[in-house]
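Geometric and topological summary
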Amino acid sequence: MPRAVVTAIAAQKGGTGKTALAGSLAAQWGYAGSRTLLVDLDQQANLTFAFGVDPGLLEATVVDVLAPRNAVPAEQAVLERVHGVPGLDLLPCDERAEALDTQLRSETMGVFKLKDALEPLLGEYERVLMDCPPNVGELTVSALLLADEIVCPVKMGDSNALRGISRLTQTVEKLNRRGAHVRFRSLVRVECDPSQVSYRRNGDALKRLARRSKLPLARTELRARAAWRTAITQDVPLILLDAPDRGTREAQADVHRLARELWPRVPFPAPNEIKARRRASGTSFESPAPAKRAA
Ligand SMILES: Nc1ncnc2c1ncn2[C@@H]1O[C@H](COP(=O)(O)OP(=O)(O)OP(=O)(O)O)[C@@H](O)[C@H]1O
Ligand SMILES: [Mg+2]
């Protein structure tokens, strides 16, 4: 199998929908029949929780994989077939990741550790998706050094929505001048509500920025829907939520449309098909048992 293509979901800004998008896109990849590895790089471990995993109960996470001594091989920390999604594995994270930026900075070539640790796994997957932390620390840089492409969610209801993008483009340019090979796959408009002033204002500014900086902007917009929040409270990525309401169906249709726009040659199944397959395999989330969150 050829080496996996690595996508970083990054935004150098907090609360832009990175984790929500990473979980749902990864599940789409899994149901498209691609061996997929999802990597949680955020100390909040929201992505790990989103797959029903309590990081406090794990023997090893990405923190142990990057440990200065007695590092655990990445494959030992990987959880297989998370939430029953075929072909989808998760390298979880936990709150000790808070110390990783400082640790990696203190080590020689620390920012290359993630790349070195995951490189042996790349031949086993077709796609790797990484959920990046909301800052420009060593861990985000480590992810960008490994990544082939970036998907950057931009929250349209946020008055400072565009700020993180300029910082991210500057970081990417610097890294690419030093031998990285990462490019923007797409900026993605998230939490879109055309009735909001911020949506219109950000929308215009974002189009100008995208044109000026030659950044691809996805046509598909993720509409503001409460289902995104519901999915988080139920510890399940939105695309796996089995709820009958219109908001959920619309939000799931948006994810599916986005996946097809970003990777047009991949046979991503429609949300209804995913639902049917999950019901048939007994992994449906009509009444999921939420994972216990650490205090
Ligand atoms: N399209 C959407 N419509 C409505 N709410 C959304 C949408 N996308 C994301 N959200 C909500 O935005 C909030 C932040 O999402 P998420 O945790 O994925 O962001 P993040 O960028 O990972 O945050 P952090 O920087 O803290 O890691 C969540 O409550 C999520 O439900
Ligand atoms: Mg997050």
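Everything quoted here is computed from the prediction, not taken from an experiment.

Counting buried residues along strand S2 (residues 36-40), five of its five residues qualify, which places the element largely inside the surrounding structure. Of the two faces of S2, the one carrying Thr 36, Leu 38 and Asp 40 and the one carrying Leu 37 and Val 39 are both buried. Examined bridge by bridge, S2 and strand S4 (residues 127-131) share five bridges and lie parallel to one another. What sits directly across from Asp 40, in S4, is Asp 131.

Counting 87 residues, the largest nonpolar core has Val 62, Met 130, Ala 143 and Cys 152 as the members making the most contacts within it. Here this core takes eight residues from helix H1 (residues 18-31), the largest share from any one element. Sequence-distant contacts of Cys 152, defined by excluding residues within four places in its chain, comprise Ala 10, Ala 11, Ile 165, Leu 168, Phe 184, Leu 187 and Val 188.

By the secondary structure assignment, Leu 139 is in helix H7 (residues 138-146). Among the residues examined, Leu 139 registers 27 C-beta atoms within 10 Å and is labelled buried. Leu 139 sits 29 residues away from Gly 110 along the chain, and the two C-alpha atoms are 9.3 Å apart.

Here we take up the packing of H7 against helix H8 (residues 163-177). Close contact between H7 and H8 brings their axes to 11 Å; oriented N to C, the two are set at 55 degrees. In terms of axis orientation, H7 runs oblique to H8. Handedness of the H7/H8 crossing: right-handed. Note on element contacts: H8 touches H7 through Thr 171, Val 172 and Leu 175, opposite Val 141, Leu 144 and Leu 145. A per-class count over the contact of H7 with H8 returns five nonpolar, one polar and no charged.

We now examine the site of ligand 1. Lining the immediate surroundings of ligand 1 are 19 residues, of which Gly 17, Thr 19, Ala 20, Pro 134 and Trp 228 lie closest. Elements with a contribution of two residues or more to the shell around ligand 1: H1 and helix H10 (227-233). Along the lines of polarity and charge, the residues of the shell around ligand 1 split into seven nonpolar, seven polar and five charged.

The next thing to look at is the pairing of strand S6 (residues 183-190). Burial analysis of S6 places seven of its eight residues in the buried class, which makes it a mostly covered element. Between the parallel elements strand S5 (residues 149-155) and S6, the chain passes through H8 in a crossover that is right-handed.

For helix H11 (residues 246-262), with 17 residues, the first-to-last C-alpha span of 24 Å sits near the 24 Å given by 1.5 Å per residue. The complete set of buried residues in H11 reads Thr 248, Ala 251, Gln 252, Asp 254, Val 255, His 256, Leu 258, Ala 259 and Leu 262. On its buried side, H11 packs onto H1, S5, S6, H10 and helix H12 (271-281).

Where H1 contacts H11, the two axes come as close as 10 Å, and the packing angle between them is 65 degrees. Of the possible angle classes, the one that applies to H1 and H11 is roughly perpendicular. Crossing of H1 against H11: the hand is right-handed. Seen from H1, the contacting residues are Ser 24, Leu 25 and Gln 28; seen from H11, they are Val 255, His 256 and Ala 259.

Parameters and conventions
Residues numbered from 1 in each chain as written. Chains lettered and ligands numbered in written order. Predicted model: local features only at pLDDT ≥ 70, side-chain atom pairs only at ≥ 80, totals over all residues. Buried ≥ 20, exposed ≤ 12 C-beta atoms within 10 Å, placed from the backbone. Helix = DSSP H or I, 4+ residues; strand = E, 2+ residues; numbered from the N terminus. Pairing = 2+ DSSP bridges. Core = buried A, V, L, I, M, F, W, Y, C linked by C-beta atoms within 7 Å. Contact = placed C-beta atoms within 7 Å. Axes fitted to C-alpha atoms, helices over the stretch in contact; angles between N-to-C directions. Parallel < 35°, antiparallel > 145°, perpendicular 65-115°, else oblique. Left-handed = near helix turned anticlockwise from the far one by under 90°. Nonpolar A, V, L, I, M, F, W, Y, C, P; charged D, E, K, R; others polar. Near = placed C-beta within 6 Å. Right-handed = clockwise from strand over helix to strand, strands pointing away. Expected span 1.5 Å × (residues − 1).

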